[in-house]
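Architecture at a glance
Okay, here's what each chain looks like letter by letter:
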Amino acid sequence: MEIFNYFFHLGIIFSIYSLLVLSSNLSLGYGGLFNLALPGLALIGAYTSSLLSLKTNLPFGVIFVITLILGYLVGWIISKITNKLRGDYLALVTFGFTFIVFTLALNWESLTRGALGLPSIPKPKFLFFQIESLIEIFIFYYLITFIVYLFLQKLIFSPLGRSIQALRDDELAISVLGRNPLRIKSLVLGISGLLSSLAGILYAHYLSYLDPYSFGLGDLIFILSALFLGGLADNRGALLGTFLLIIIPESLRFLPLPSYLVGALRQIIYSLIIIIILWFRPKGIFGKIDLS
Amino acid sequence: MLLQIKNLSAGYGKFPVLKGVNIEVNRGEIVVLIGPNGAGKSTVLKSIFKIAAIYEGEIIFKNQKLKKISRHDLIRLGISYVPQGRVIFPNLTVEENLLMGGFILDNELLKQKKDRILEEFPHLKKKLNLIADVLSGGEQQMLVLARGLITDPELLLLDEPSLGLSPKIQKEIFNKILEIKNLGISILLVEQNAKKACEIADRIYLLKSGKEVLFGGKEILSHPLIQKVYLGG
């Protein structure tokens, strides 16, 4: 039975990180926006949902919706602040955003309890249905991930999705065709913010504990590695990349290595994967866009 | 008259490029803007399409002043702009590139227009599912021309369509421009290849330092100024 719980746990982690990688695929893979704010947005989602659950009597469904709207709005605001930035400059500013959120979460102790973190975050509850057991959480999270995947596939193959991909290829060309590239950018970063905060909600309410280190640089490396491995601009690739990057390092558990080495080895594996892909297969497994 | 540009001063930021330009385009004609580098030829097109800033003057299209009309509505009004440099979406397919040109149309109409435009550009029909990046330079230029026509414009603004193409492909492009004219579409053409462009022009404007210094029919080709400076005669 324990082995099943272990696999359910891995499955849940996969669904949470899939959301982050799909979110990154939307902004970077399809939209060409090097958005490194995702861990920061996930932290905002996780803290908002957790604090509202712990400090108010609002139903989880309401908290869920409020947090998603907030995630969208923060993504949208980032797009407005960075409306003239692309490429490395956008990456630097959005990475700065993640760092600011982390610093706030760490130092605003009266609200977040800082490094002590927030314990006893309740499990999700919709109306009268308490999602408690591992298998219930597994099913619920997979349902959400599946809906998000279908939504993104529908979006990408719509006329709006073509415009999002066109934004990646040539901003001038979009504007001479009468589309407003800034509006498309806002939409992409808004949806990306919403999906990242969704991942944050699922994470916090699954583990029942949250601290400022829950989403950080390590997660950013994971997200980018999974995305590059699976291939940019293909949602199947995003899911496959996430799956492989969860499974491959898990095998380290079965090697006779001291535990303090396992964490460091994971980071090394992620980084090595990025380097190897950039070198030998710049399009990743399924990708359409050449990283080089 | 389809398009009238009156006393237009325009440029980028605080730097004026055009200093009181007057240009007219009638229905069904090809008007060519020629002149040396930096004369402001492309800026005329960019001013019409709201890419350059307008400081003074008026642009009137179908008796409507364009000052307060958004770029999006310019397309609805019947203006299409094909910028220089073969601006395609390299990672989208040829079909997706074409469809991008007609986002103001509903899906059904867009499909009809796409099918019709492919009759005009049969070469693209065979390559619909290819990524646009793999097309040759001439094919990419045909693609942006086709994309510019998908909304059935009344006025096509063409900026340097022959730039960087071989003489053989240039000839094909100029023939295609004549075919477009024969569809009843007016064309305002900016071209470095002044001699070739003037051959297909109904009227020609010579721009120099942000002003039109000479205009008229093909007869101005023999004007000493053009002969001396631009055609090397």
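Residues numbered from 1 in each chain as written. Chains lettered and ligands numbered in written order. Predicted model: local features only at pLDDT ≥ 70, side-chain atom pairs only at ≥ 80, totals over all residues. Heavy atoms only, no water.

**Considering the pairing of strand S9 (residues 203-208) of chain B**
Residues and elements named next belong to chain B. Most of S9 sits out of view: five of its six residues are buried. Across four bridges, strand S3 (residues 30-34) lies against S9 in parallel orientation. What sits directly across from Leu-33, in S9, is Tyr-205. Two elements, S9 and strand S10 (residues 211-216), share five bridges in a ladder whose sense is antiparallel. The partner of Leu-207 across the bridge, within S10, is Glu-212. (Buried < 20%, exposed > 50% of the residue type's maximum accessible area, 1.4 Å probe, protein only. Helix = DSSP H or I, 4+ residues; strand = E, 2+ residues; numbered from the N terminus. Pairing = 2+ DSSP bridges.)

**Let's talk about the side chain of Asn235(A)**
Residues and elements named next belong to chain A. Its location among the elements puts Asn-235 in helix H11 (residues 235-250). For Asn-235, a relative accessible area of 2% translates into the label buried. Of note is the side chain of Asn-235, whose polar atom sits 2.9 Å from the side chain of Asn-25. Beyond its immediate stretch of four places on either side in the chain, Asn-235 contacts Leu-22, Asn-25, Tyr-30, Tyr-149, Leu-152, Gln-153 and Ile-156. (Polar contact = N/O pair within 3.5 Å; in protein donor to acceptor, adjacent residues only side chain to side chain. Contact = heavy atoms within 4.5 Å.)

**Some words on the interface of chain A and chain B**
Counting from both sides, the interface comprises 18 residues of chain A and, opposite them, 21 residues of chain B. Of the roughly 1,700 Å² buried at the junction of chain A and chain B (both faces included), carbon and sulfur atoms supply 68%. Looking only at chain A, the three residues that lose the most surface to chain B are Arg162(A), Val176(A) and Leu177(A), adding up to 41% of its buried area. Our count for the chain A to chain B interface comes out at zero salt bridges. Scanning the region where chain A abuts chain B turns up two residue pairs in polar contact (both at pLDDT 80 or more). Going through the elements one at a time, helix H7 (159-169) and helix H8 (171-176) of chain A are the ones with two or more residues in the side of chain A that touches chain B. When residues in the side of chain A that touches chain B are grouped by element, the largest group, seven residues, is from H7(A). For the side of chain A that touches chain B, the class distribution of residues is eight nonpolar, four polar and six charged. (Buried area = accessible area lost by both parts, 1.4 Å probe. Salt bridge = Lys/Arg side-chain N within 4 Å of Asp/Glu carboxyl O. Nonpolar A, V, L, I, M, F, W, Y, C, P; charged D, E, K, R; others polar.)

**Brief notes about the packing of aromatic side chains**
Under the counting rule described, the total for this entry stands at 18 aromatic pairs over all chains. Measuring from ring centre to ring centre gives 6.5 Å for Tyr141(A) and Tyr206(A), while their planes differ by 70°; the resulting arrangement is edge-to-face. Taken together, the residues span a long stretch of sequence, with Tyr141(A) in helix H6 (residues 134-156) and Tyr206(A) in helix H9 (residues 181-207) at a distance of 65 residues. Like Tyr206(A), Tyr141(A) is buried. One aromatic cluster is present, built from ring pairs that chain together Phe60(A), Phe64(A), Phe126(A), Phe140(A), Tyr141(A) and Tyr206(A). Residue placement shows Lys176(B) over the ring face of Phe121(B); its charged tip is 4.5 Å from the ring centre. (Phe/Tyr/Trp six-rings, centres within 6.5 Å; stacked < 30°, edge-to-face > 60°. Lys NZ or Arg CZ within 6 Å of the ring centre and 35° of its normal.)

**Overview of the domain arrangement of chain A**
Residues and elements named next belong to chain A. Under the domain assignment used here, chain A contains domain 1 (2-215) and domain 2 (216-292). Computed from C-alpha atoms alone, the centre-to-centre distance between domain 1 and domain 2 is 20 Å. Facing 26 residues of domain 1, the contacting portion of domain 2 comprises 26 residues. Carbon and sulfur atoms supply 75% of the area that domain 1 and domain 2 bury against each other, a total of about 2,200 Å² over both sides. One can count zero salt bridges joining domain 1 with domain 2. For the side of domain 1 that touches domain 2, the secondary structure elements donating two or more residues are helix H1 (2-30), helix H2 (38-55) and H6. The leading source of residues in the side of domain 1 that touches domain 2 is H1, at 14 residues. (Domains from an automatic or database assignment.)

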